[in-house]
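# Understanding the architecture of this molecule
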Amino acid sequence: MEYVRGVVTRYRRYVNHWEIWNEPDHAIFWRPAPDAAAYADMLIRAAQTIRAIDPDAQILIGGVNPFDTTFLRSVAEYGAWDSFDIIAIHPYVDPYSPEDGNLAAAADGVRALAQQYGQKPIWVTELGWASGPGDRDAVGRSDEQEQASFLVRAMLALWEAGVERVFWYSFKDDPGNPYGLIRVGSGRADYAPRKPAFEALRTLNQQLAGATRVTRRDLFERQVITSFEALRGWRRTSQPNGTLRSSARAYSGDGAAEISYSFTTRANDYLAFEREQPIPLEGTPYAVGAWVYGDGSTHGLKIWLRDAEGELLQFVLGPVGAPGWHFLRAPIGGEVEPGNVLTPGGNRRIDFPAALQAIVVDDLVDEFVGSGTLWIDDLSVISGHELYDLRLERGGEALDILWSPPGARVNLATRADTARLIERGGAETSIAARSGQLRLNLGPAPVYLWHRR
């Protein structure tokens, strides 16, 4: 702790927040393998040292993976939960887009865990996409334009999800790892060659300064494919870990599915209920979701979909989470990770038409042993135009932030005669309303539309 004492003593006038280590749950940064007990001990001692020197300092846990809360739970169980003030997470989903990677759900499991040990602010202290081949994507499926669009869409998704601060990784490219806002250029001292992501971040901050979120008005269609009011046709698979029955606790209608589970080992326990006749998904939806009333656990709610080629793929809707109804959804249009391929030999994508094969509750933290109950209602497909509209307001004006990954044309109702359209990079134009409508052609790059409410 001599190093901690020396650094904090020297920089306490300038530094108010201290993140203890970097990604201690990753073998690259804690060798030879992550050790929650050792990290918890270090975190406790580091926090005591820092607070003795600067009682007002804020301490962050070291940037953990939020999609697997095993390490974070272990740190809490080793007594270190009160040794940090802020939960720092690194929710990388690249090379997937923010939507296909379900980034909006990144904080759900962490927040559910925090309800058990004590709520804390959540910060994203690393997030990024490379604009070419890099550490996480050797192929380089994103270019500079996609990087800039992903930056805006990701930060908006995390802001909506209740994340308090988001830090982009990184300011400048490393050679062979182009995550930065500025290209390598002629060397580390060259800050001139700015990428589109630089302007995108600046524009985002300028437009949102002082604005208040009102609502999200995504212009898609949601169709219920099963309301769970009748549970005929469901059967439990071979795992003897629980039951499925009808319940009067419903999000809508007269009933919902009540799932009780009992996980008895420290291995991977799960509970799956299959349909005797799979439920067809109408059309070509881009997401599937359900209303869930949780039990405070971080268990994962998953679905199995069987496509036209017979391939069975798994999609994670999200962590079960806290009591109270909330909607979990997962995009189904992209390529799934290898671990979610249940029948080998396919293309790892849904080929439509497809059908719902099963619902699954999985103890994502394998060390968990215990039981609980959750409720599911109105499992739905999300289709139509994949078009996102985040509504804010500032000073009597409405701000709509809009984008559509595949591209779409939209008519937006307004009381204004004209509106200001700010593009992702900051360029501004004026749009005239026609018959109370603003007509826009949208693409993957978000735009900011200011008009009278």
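Above this text you will find the structure in question.
Described in the following lines is the structure provided in the data block.

Criteria and thresholds
- Throughout, residues of each chain are indexed from 1 in the direction in which the sequence is written.
- A pLDDT threshold of at least 70 governs which residues receive local features in this predicted model, and a stricter bar of 80 or more applies before side-chain atom pairs are shown or counted, although totals over entire chains, interfaces and linings include all residues.
- Side-chain metrics in this entry use all non-hydrogen atoms of the structure; hydrogen atoms and water are not considered.
- In summary, the pairing rule links any two rings of Phe, Tyr or Trp, Trp by its six-membered ring, whose centres are within 6.5 Å, and it sorts them by plane angle into stacked for under 30 degrees, edge-to-face for over 60 and tilted for everything else.
- Helix and strand definitions follow DSSP, with helices as H or I runs of at least four residues and strands as E runs of at least two, each counted in order from the N terminus.
- Accessibility here uses a 1.4 Å probe with only protein chains present; expressed as a share of the type maximum, an area under 20% marks a residue as buried, one over 50% as exposed, and anything in between as partly exposed.
- Only lysine NZ and arginine CZ atoms are considered, and such an atom sits over a ring when it is within 6 Å of the ring centre and within 35 degrees of the ring normal.
- The nonpolar core is taken to be a set of buried Ala, Val, Leu, Ile, Met, Phe, Trp, Tyr and Cys residues, with the residues joined through side-chain atoms within 4.5 Å.
- Contacts were defined at the residue level, with two residues in contact if any of their heavy atoms lie within 4.5 Å.
- At least two DSSP bridges between two strands are needed for those strands to be called paired.
- Here, axes are lines fitted to C-alpha atoms. For helices the fit covers the stretch in contact, and angles between N-to-C directions go from 0 to 180 degrees.
- Each patch is assembled from residues with relative accessible area greater than 30% and no salt bridge, linking like charges that lie within 9 Å and nonpolar side chains (Val, Leu, Ile, Met, Phe, Trp, Tyr) that lie within 5 Å.
- Exposure was quantified through the Shrake-Rupley algorithm and a 1.4 Å probe, taking into account, for residues, occlusion by the shown protein chains and nothing else.
- Just to be clear on terms, a salt bridge is a Lys or Arg side-chain nitrogen sitting within 4 Å of an Asp or Glu carboxyl oxygen.
- Expected span of a helix: the number of residues minus one, times 1.5 Å.
- What qualifies as a polar contact is a pair of N or O atoms within 3.5 Å, subject to a donor-acceptor requirement within protein and to the restriction that residues adjacent in sequence count only when both atoms come from side chains.

### Section: the packing of aromatic side chains
Per the stated rule, a full pass over the model turns up 20 aromatic pairs. With 6.0 Å between their ring centres and 65° between their planes, Tyr-251 and Trp-325 make a pair best called edge-to-face. A residue pair is termed long-range when its members are at least 10 positions apart, and Tyr-251 in the loop between strand 9 (242-247) and strand 10 (256-263) and Trp-325 in strand 15 (residues 325-331) qualify at 74 residues. A relative accessible area of 38% places Tyr-251 in the partly exposed class. A network of ring pairs unites the aromatic residues Tyr-251, Trp-291, Tyr-293, Trp-325, Phe-327 and Trp-375 as a single cluster. The ring centre of Phe-84 lies 4.8 Å from the NZ or CZ of Lys-120, which sits over that ring. One residue, Arg-249, lies across the ring of Tyr-293, its end atom 4.2 Å from the ring centre.

### A word on the nonpolar core
Counting residues in hydrophobic clusters, the biggest one holds 70 residues, and the most contacted among them are Ile-20, Tyr-39, Leu-43, Val-75, Ile-87 and Ile-401. Those residues in contact with Ile-401 that lie beyond four places of it in its chain are Leu-156, Leu-208, Tyr-388, Asp-389, Leu-390, Leu-392, Pro-446, Val-447 and Tyr-448. Judged by nonpolar contacts, the second largest core, of 36 residues, contains Ile-225, Ala-290, Ile-332 and Ile-350.

### Things to note about the sheet that holds strand 21 (residues 418-422)
Strand order in this open sheet of 6 strands is 6-18-19-24-21-22, and the pairing throughout is antiparallel. What marks the edges here is a single partner per strand, and that holds for strand 6 (212-216) and strand 22 (428-432). Across the sheet, the mean angle from the axis of one strand to that of its neighbour is 25°, orientation sign disregarded. Where strand 21 lies against strand 22, 5 bridges are found, and the strand directions are antiparallel. Residue pairing across strands places Ala-419 opposite Ile-431, the latter belonging to strand 22. Contacts from helix 6 (residues 196-208) reach strand 18 (388-394), strand 19 (397-403), strand 21 and strand 24 (447-452) within the one sheet, and its direction differs from that of strand 24 by about 20°.

### Thoughts on a nonpolar patch on the surface
A contiguous nonpolar surface patch, about 310 Å² in accessible area, is contributed by Trp-21, Ile-28 and Phe-29. Mapped onto the secondary structure, Ile-28 falls in the loop between strand 1 (17-19) and helix 2 (36-53).

### What to know about unusual backbone geometry
Note that the residue after Arg-31, namely Pro-32, is joined by a cis bond; omega there is 5°. Here Pro-32 shows up in the loop between strand 1 and helix 2. Between Tyr-169 and the following residue, Ser-170, the backbone shows a cis peptide bond with an omega angle of 5°. Relative to the helices and strands, Ser-170 is located in the loop between strand 5 (165-166) and helix 6. Positive phi is not limited to glycine here, since Asn-102 has a value of about 55°.

### A word on helix 5 (residues 144-160)
Under the 1.5 Å per step criterion, the end-to-end length of helix 5 is 25 Å for 17 residues, consistent within 8% with the ideal 24 Å. With 12 of 17 residues buried, helix 5 lies mostly within the body of the structure. Within the span of helix 5, buried status applies to Gln-147, Ala-148, Ser-149, Phe-150, Leu-151, Val-152, Arg-153, Ala-154, Met-155, Leu-156, Ala-157 and Leu-158. Those residues of helix 5 hidden inside the fold are in contact with strand 4 (122-124), strand 5, helix 6, strand 18, strand 19 and strand 24.

### Here's the deal with the environment of Leu-438
Positionally, Leu-438 belongs in strand 23 (residues 437-442). On the basis of relative accessible area, Leu-438 is assigned to the buried category, the value being 0%. On a C-alpha basis, the gap between Leu-438 and Ala-413 in space is 6.4 Å, while along the polypeptide they are 25 residues apart. Discounting residues that sit within four places of it in the chain, Leu-438 has contacts with Val-410, Asn-411, Leu-412, Thr-414, Ala-419, Ile-431, Ala-432, Ala-433, Leu-449 and His-451.

### Let's talk about the side chain of Ser-131
Structurally, Ser-131 can be placed in the loop between strand 4 and helix 5. Among the polar contacts listed, one links the side chain of Ser-131 to the side chain of Lys-195, at a separation of 2.8 Å. Setting aside anything within four residues of it in sequence, one finds Ser-131 in contact with Ser-142, Asp-143, Glu-144, Gln-147, Pro-178 and Lys-195.

### Concerning the pattern of salt bridges
Inspection of every chain in the model, using the stated rule, returns 23 salt bridges. Here Arg-136 makes a salt bridge to Asp-94, at a shortest N to O gap of 2.5 Å. Here Arg-136 is found in the loop between strand 4 and helix 5, whereas its partner Asp-94 is found in the loop between strand 3 (87-89) and helix 4 (108-117), with 42 residues between them in sequence. Salt-bridge contacts for Asp-362 lead to Lys-302; the nearest nitrogen and oxygen are separated by 2.7 Å. Remark: Lys-302 occurs in strand 13 (residues 297-306) and Asp-362 occurs in strand 16 (residues 355-362); sequence separation between them is 60 residues. Overlapping salt bridges bring together Arg-217, Asp-389, Arg-391 and Asp-400 as one network.

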